[in-house]
Structure formats: structure tokens, C-alpha cells
Amino acid sequence: MKRFIVILVSFIIVLGSIIPAISADSSGSVKTGSTEQLEQLAALGVFSKNSSGDLEADKAITREAFAKVLLYISGQEDKAALYKNNTLFKDVKSNRWSNGYIGAAYTLGYLKPMPDGLFHPADAVTYTQAASVFVKLLGYTDSDLSGNWPYNYFNLMENLGIFEAGAYQAADSITREEMAVMLDRLLQTEIKGSDKLFVDTTDIFQNLVIFENSVIRKDIDSNRILTDKGEYFLKEGVSIPEAGRKYVARIEKGYVTKLAMSGLEYADLSVSSISEGMVVKNDGTQFKLPQNVQYYYNGKAVDFGAIAAAVQTNSSIVIGYKDEEVDYAVLFDPVYSKPAVVTSEMLGYNMEQLYGGKQITREGKSITTAMLELNDVIYEVSDIWGSYGYVEAYNSIVSGEITAILPNKVSPVSVAIDEKNYELSSYFEKTKLNMASTIEVGSNVDILLDSKGKVVDILLSGAELNQEYVLVLDATEEKPLYSRSNNKSTYYVTLMHTDGSVETYISADDRSYMKGNVAKYKLVSYGEVYDTIQLSPTEYSFVSNSVHEINKESRMLDDSYISDNVVIFNQINNIAGRKNDAAILEWEDLPDGKLEAGKVRYIHKTGDFGDIDILFVNNILEEQTAYGLVTKIISTSNSLLNGTTQTIELLINGKQYSYSGPETGASSGSVLKLMMSGDKILSVEKQITSNTFISSIDAVDSARIRFNGTTYKYHKDFELYKLEDWINWKAVDASRLEKGTVSGSVQVFFDKSIEYGGKVIMILIR
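This is a predicted model, so every value here is computed, not measured.

**Q** How do you make sense of the overall build of the chain when you look at a structure like this?
**A** Along the backbone of the chain there are nine helices and 49 strands. Taking 766 residues into account, the globule formula puts the C-alpha radius of gyration at 27 Å, and the chain, at 38 Å, lies well above it. Expressed along its principal axes, the backbone C-alpha trace of the chain runs to roughly 120 × 75 × 60 Å. Scored against the burial criterion, the 766 residues of the chain give a buried share of 49%. Restricting the contact set of the chain to residue pairs at least 6 apart, pairs at least 24 apart contribute 58%. Here the chain has roughly 37000 Å² of accessible surface; of this, 46% comes from carbon and sulfur atoms. Where the 73 positive side-chain charges of the chain centre and where its 101 negative ones centre are 6 Å apart.

**Q** In this structure, what is going on with the pairing of strand 20 (residues 390-394)? I would like to understand it.
**A** In regular strands, side chains alternate between the two faces of the sheet. Among the five residues that make up strand 20, four are buried, leaving the element largely enclosed by the rest of the structure. As judged from the three bridges shared by strand 17 (residues 360-362) and strand 20, these two strands associate in the parallel manner. From the neighbouring strand, Thr361 faces strand 20, where its bridge partner is Glu392.

**Q** When you look at a negative patch on the surface in this model, what are you seeing that I'm missing?
**A** Taken together, the side chains of Glu549, Glu553, Asp558, Asp559 and Asp592 define an acidic patch exposed on the protein surface. Summarising the element assignment, Glu549 is placed in strand 31 (residues 548-551). A residue is classified by how much of its surface remains accessible, and Glu549, at 42% relative accessible area, is partly exposed.

**Q** Quick question: what am I supposed to make of helix 3 (residues 99-107) here?
**A** Owing to its 3.6 residues per turn, the α-helix aligns residues three or four sequence positions apart on the same side. Judged by how many residues are buried, helix 3 sits mostly within the fold: seven of nine residues are covered. Those residues of helix 3 hidden inside the fold are in contact with helix 2 (63-73). Phi turns positive one or two residues past the end of helix 3, at Gly109, with a value near 85°.

**Q** Looking at this structure, how should I read the pattern of salt bridges?
**A** Between side chains of opposite charge, a pair can form as their charged atoms come close. Evaluation of the coordinates by the stated rule reveals 24 salt bridges. Across the salt bridge formed by Arg96 and Glu64, the nearest N and O atoms sit 2.8 Å from each other. A residue pair is termed long-range when its members are at least 10 positions apart, and Arg96 in the loop between helix 2 and helix 3 and Glu64 in helix 2 qualify at 32 residues. Of the residues examined, Arg96 reaches a relative accessible area of 30% and is grouped as partly exposed. Under the relative-accessibility criterion, Glu64 is labelled buried at 6%. Taking the shortest distance from any N to any O, the salt bridge between Asp701 and Arg704 comes out at 3.4 Å. Using a relative accessible area of 35% as the deciding quantity, one classes Asp701 as partly exposed. Salt bridges linked by common partners bring Glu212, Arg217, Arg224 and Glu231 together as one network.

**Q** Help me out: how do you make sense of the sheet that holds strand 5 (residues 230-234) in this one?
**A** Sheet strands associate in pairs through backbone hydrogen bonding, adopting either a parallel or an antiparallel arrangement. Strand order in this closed barrel of five strands is 3-4-5-7-6, and the pairing throughout is mixed. Between one strand and the next, the sheet's axes are offset by a mean angle of 55°, whatever the strand orientation. Of the pairings in the sheet, the one linking strand 6 (residues 246-252) to strand 7 (residues 255-261) comprises six bridges and is antiparallel in character. Bridged to Tyr247 within strand 7 is Met261.

**Q** Sorry if this is basic, but what is going on with the sheet that holds strand 26 (residues 469-478) here?
**A** Pairing within the closed barrel is mixed, and its five strands lie in the order 26-27-28-30-29. Taken pair by pair, the neighbouring strands of this sheet meet at an average axis angle of 45°, ignoring direction.

**Q** Hey, could you run me through the packing of helix 4 (residues 127-137) against helix 5 (residues 151-159) in this one?
**A** Helix packing for two helices is described by the angle between their axes and how far apart those axes are. As a packed pair, helix 4 and helix 5 sit with axes 9 Å apart at the nearest point and diverge in direction by 65°. Of the possible angle classes, the one that applies to helix 4 and helix 5 is roughly perpendicular. Our pair here, helix 4 against helix 5, has a crossing hand that is left-handed. Of helix 5, the residues touching helix 4 (which contributes Tyr127, Thr128, Ala131, Ser132, Phe134, Val135 and Lys136) are Tyr153, Phe154, Leu156 and Met157. Residues of the contact of helix 4 with helix 5, tallied by class, amount to eight nonpolar, two polar and one charged.

**Q** How should the environment of Lys300 be read in this particular structure?
**A** Tracing the sequence through the fold places Lys300 in strand 12 (residues 300-302). When its relative accessible area of 57% is taken as the criterion, Lys300 is described as exposed. The spacing of Lys300 and Asp228 is 72 residues in sequence and 7.6 Å in space, taken between C-alpha atoms.

Calculation rules
- Residues numbered from 1 in each chain as written.
- Predicted model: local features only at pLDDT ≥ 70, side-chain atom pairs only at ≥ 80, totals over all residues.
- Heavy atoms only, no water.
- Helix = DSSP H or I, 4+ residues; strand = E, 2+ residues; numbered from the N terminus.
- Rg over C-alpha atoms; globule rule 2.2 N^0.38 Å.
- Buried < 20%, exposed > 50% of the residue type's maximum accessible area, 1.4 Å probe, protein only.
- Contact = heavy atoms within 4.5 Å.
- Areas by Shrake-Rupley, 256 points an atom, 1.4 Å probe, with all protein chains shown as cover.
- Lys, Arg positive; Asp, Glu negative; His and termini not counted.
- Charge placed at Lys NZ, Arg CZ, Asp CG, Glu CD.
- Pairing = 2+ DSSP bridges.
- Patch = residues over 30% accessible without salt bridge, like charges linked within 9 Å, V, L, I, M, F, W, Y side chains within 5 Å.
- Salt bridge = Lys/Arg side-chain N within 4 Å of Asp/Glu carboxyl O.
- Axes fitted to C-alpha atoms, helices over the stretch in contact; angles between N-to-C directions.
- Parallel < 35°, antiparallel > 145°, perpendicular 65-115°, else oblique.
- Left-handed = near helix turned anticlockwise from the far one by under 90°.
- Nonpolar A, V, L, I, M, F, W, Y, C, P; charged D, E, K, R; others polar.

The structure is reproduced here in C-alpha cells:
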């Protein structure tokens, strides 16, 4: 039986350190050794391989190699750098590879010189030397021993099972693999006067039984593990350990930096049922559970009675054996997939595609796919090894008014429905509360609960009617790698859903013509990376050509009322070659009053009253927009594009910008409305025209101007530019505008028509 554990010992004269080890069959000779143990020590960083990748198992371990091992297992390898350029022994030169390790090991009290005062770095470690170190590591002194040295030391080592009687001579050298065997036996020995093994005292290395990982808990950080010693995080590059197994881990500042599996043997039980301690496994065989052993469940030590009461179908039990005796056992609940909520698109044929042929249960009874219902919460359930899966359905819905979102919408933990509090599941999409506008305090909703009574989803009452709508943010094609390949192109679409979430899917065909439009979608099948959907265009009524008016107080658009579950898609931009920017808005976010033609692009009405439940608007809040004054244009003919490309230099908020694109018809002195992304100009939206000239200013201040008997407010991005030297434009302070007759030409530009609330965006002085 092979085992692997770690230790920590307090400071001693010759050696005080942490030594991890892998156990070997105690009935075998020390001379036999264990390459497996040596490999596991190497995985923990204790032993190193040579340049050829060989651990040199049969090679004798030297005193200098032993010094390095001691520093690594004690977590103090960084101290070697302090002694790298200084030598403490005449036979160890300052430039020798091991000098730093030897100096640190000696200074820390781990090793001492030989009787002649030299270190003898290349000499092999003997059994006599090892016995002297191990006896002191175990806390014994000469007064505890009887007989003559070194045989009194050997007798103790043999009695404790570390050395094998008759398998060695005092002066024999120890190979690297033999040292691994002895260290394992040593580390499984109790310290004198204590019931603790060395491994129980270490902070650098820990023996860990894995209770949770991201394989069996889909909702936790991929690097988090829960163990019998507490919670840890895996450093990047460390593989996720298997649930139920025992590992030796190197721990640094709460992170697992290295891992090696212990040498225990295991029984893995995928449970179908249990009766009086007899487990019926999913493969039909039976197994009698041991009773008087250490059991763990839900991260805690429990007795056998708790285990027997907690076993369910597809529970998993891992039993670890050491020397053919049970060391521990861990019970795991069935593993539940991320919950899926049944929508109208999934019912019927699609449901059969998704779950056909699988066992499906509801409240302990078998059902068919045809019996699954709208808003059922669906889980795929398996053991921790992903086997013996079945489908479990729940239909627990609570309807009422949201009376609180706690602690707040930004970081919601629970919701109160009619004053009763419900905790959010870790799988709940919190963007539904902190981003989507339609679900808030006062909303009438249906909450869908999982088997533990936690909220999986929140739906506005009647929201199922408009959940099928999406905004197409992008549509791309991935062509086969080789032009002669028989593989077809793969088409991807990126959609914004009514809850504000954005997902990418595979489409059966090219849907690029739908980019920037509202559509309907239907789930066709699940995939490992991307689900496949069917996307259908909506029938636009060309409302974008019309002028509309918002009455926020009456909750009306034109003469139609807005439904409680209205979804407002706001498309900020739609630029070729990049994914559109968009957001879900609340009704209260919209501006009051008349809207220019083009601001409302699509309206969907529902019910007998024709209430609006889908509203698609075009950058209604004027986000990412800017206004620039053209200072210079360079036009270049482009035969490939069969047209002209312009490079435009502009002033935006007094700063110089440049943009290249299709011909705009602009000239020097033109004012352009632009779409921006940070400091980058994405596109030219349109040219702002103006026939308004000022001959006399009636009044002016920092926020408004009055001329021709009318007062106009400045836009928040208002700029004033003056033409100097007949060529160069310069941003000037608004104080240059004064009451009275103006000299020269003063031209005024508005961001939009005065009829629709236009404000002064720019004034040019020539």
C-alpha cells in the first residue's frame, strides 16, 4: 500500500524542517524504493530532474542535494540566495551550484559539518546519518534510547517502522528513491509524546482531502477548492484535483502552488440506493459501508448515521484506504448542471431533441418530455464522475409584487415578494436586476424556484409573450480553413436578449442582413460551446420614417400605452465590421416630448388594448456622439472601391482629430455629427446644416444666448470657434460673445431641430 504525506518539525540542532513524502509498502525493503514516490516529490518541487528529464532514482542522494531538498520542503529555498556568493566551508567554493543551499541549511540548523570541519558536499548520505537526523526529527534524545550508538538509533527506527531490519548496513549510501520510502515512513510516525503526525504540524505542505472543486460545483471560481483543512485557491497552471481524493499540496499565502496525489487506494461508489448500510450501486452491485470510520459530508466531519440519512440517487461515495484499512470516506450529493428554464421555444419538438431518451423525473415520478411544462426548472443530474445522468424537473413558481431587492440592485442577494424574502441562486443572472430596466421594486413578477427554494429566474408577469425577441448585434461568417474543403461556413450571431444579456449562437445560415434589427429567435439545440438557434426577421412597419411623441407621465408613446413588461432595445451604433453597442432602457430613461424621425425604429403591440411591449429605439439618449468642425479635407480616388476616400481633419471639443472614410460631401467649415468610441471616430453620422446667422445678440451668458427675440440653451458639448488668418480655426471662450451688434459673420448650429428641443451645439465666428 503506497502513501504520501507531509511534515513540519520545529527547530532542532541538526535538522528541523518540513518533509513531504509518499508512503511505500511497509513490508517491502528500503532498498526497493519507489520511483512513483520520487515523481510525486518532484511534482511538489522537492526533487529536480536532470537536463534529460530523469529523476536519477538509483543515484545516491548527496549531502549537497539533501541540503537543497531540505530548503525546498521547509519552504525556505529563497534563503539560498543570501549565501550564494559566500562560502562557509573550505571544500565548497562560492561558485558551486549548491553553495547557497548548503550555507542556508547550515545556518538554519538543518545540517552540520562532518567531524573534520568540512562539509563533503558530494558524499552520499548514509543510514547512520539518516538515523541521527530522523531520531531528532521525532523529538527523541539519547536519554530516551538504550544501547550503544548508532545501534540504539537503528533500533528506534526499526521499531517505528522507518527502517527495515536486516535490509541495510550502517555505512550503506541511500538512493534518492530509497530516501522517498524512508521519508514516507517517517512522516507517518507520531512525534514523541504527541498523537500528531509530522504532516499535521506543517504550514507549507498540507495533506488535503478534496471536498469541492469547480467540476462538481459549476457555480464557483474555477480555481477554488474546499478541503478538510479549509478553502484554498489554485495558482494558475495547477490542475484541478479530483473530488474525494487526498493530495499533498504546497501552500503559499493561501494559494496551492503545487499538488501531488497521495498513494492511497480508493473505492468509488456511484449510489442508486441504501438500506441498513448496504449500498446498491448504479451498476447493480452491492457494497457494505464501513461504520466506524471518519466520514465527511458537505465539508464537515459526520457520523455514519448522518451519511445513511443523506444518501440519494446519484450520490457519490469515495473511500480512501491505507494499508488495506479505511482511512476516511466522503459523501457527495448528486451533481446538478446549471439550471435551464423551459421556454415556449423549447416545448414540443425541441424538447424531444434536448431531452429525448433520458430518464426524466418530477417529484420522484418518471415523466416524458411531453409532460414538461412552461417555466419548469430543468437539471441534468449525475454522480461526481458524470455518469448515470438523468433529468430532474421542478415547477415551483411564486407570483406577486417585488417589495424589496436586497441589499440593492447593484449587488442583489435576495428579493422580497409580497414582503417574503427569497434568496437568489448562485446561477441567477443578476443582470436581470442590476442592468435590465423592467424588473424593479413594484414590478409584478413570477419567480422560479429550484429544489432548495432559491430563485433561479424572475419573469415579469406576462413576460413570456416577448421573451422571444432579440436585437441582432452582430452576424459573422467563419469560412473553412482550406478553400477546397468540403466543410461549410459556420455562421455566428450575437444577440441581446430582453433581460439585457448578450450571447453568441450558431445560425443555420447567413443572417448578416439582420444585423442592427430586432428579430425573433428559437433554440434549436444545445452545443458544448455555442447553442444553435433559428433567427426570424420581424415585419417592420417603417415607423422610423415617422415623428413620435413620448408622454412619460401618462406612460404613452403617441396614442398607445406602454405595457408593464415593455422591453426597450436602444441601439447606440451600427457600424460595419464591428459588434453594435446597445442597451436595455427603462421607460423612465427616455426623454419626454417629440422625437425626430428615425429615433423609433420598431414597435410591437400586444393584447386587446394594443399596449406596446417591444420598443426599438435608435440611440435615443445620444450616447457616444460628438460634433466636429471640419478644418481640412484631403480626397483620394480609390479604384478598388470605385469611389473617393476622404481624410478629414476636425476639431472636437477644441482637440484635433483625423478620420478617413467614404466621401461625406463636407468641406472646410462644415459641422459633422460623429459616432465615437473613446477618442476614436467610428463614423460620420450626418452633416449639420445651418442657415442661422446672428447680426445682433440680445443677451448672452455661460448657459444660453438670445437673438432675434428668442432664447436658446447651449448643448452640454457647446463649442465656440473663431477663424483666424483666413485658414486656421481656434477654439475660443464664450466670453467672446457680447451683447450688441456683432462684427463679421456669426453662424449658429443646432444639434437638432428647434421643434424637437434642439440646443446650440456650435457657433462659428468668421
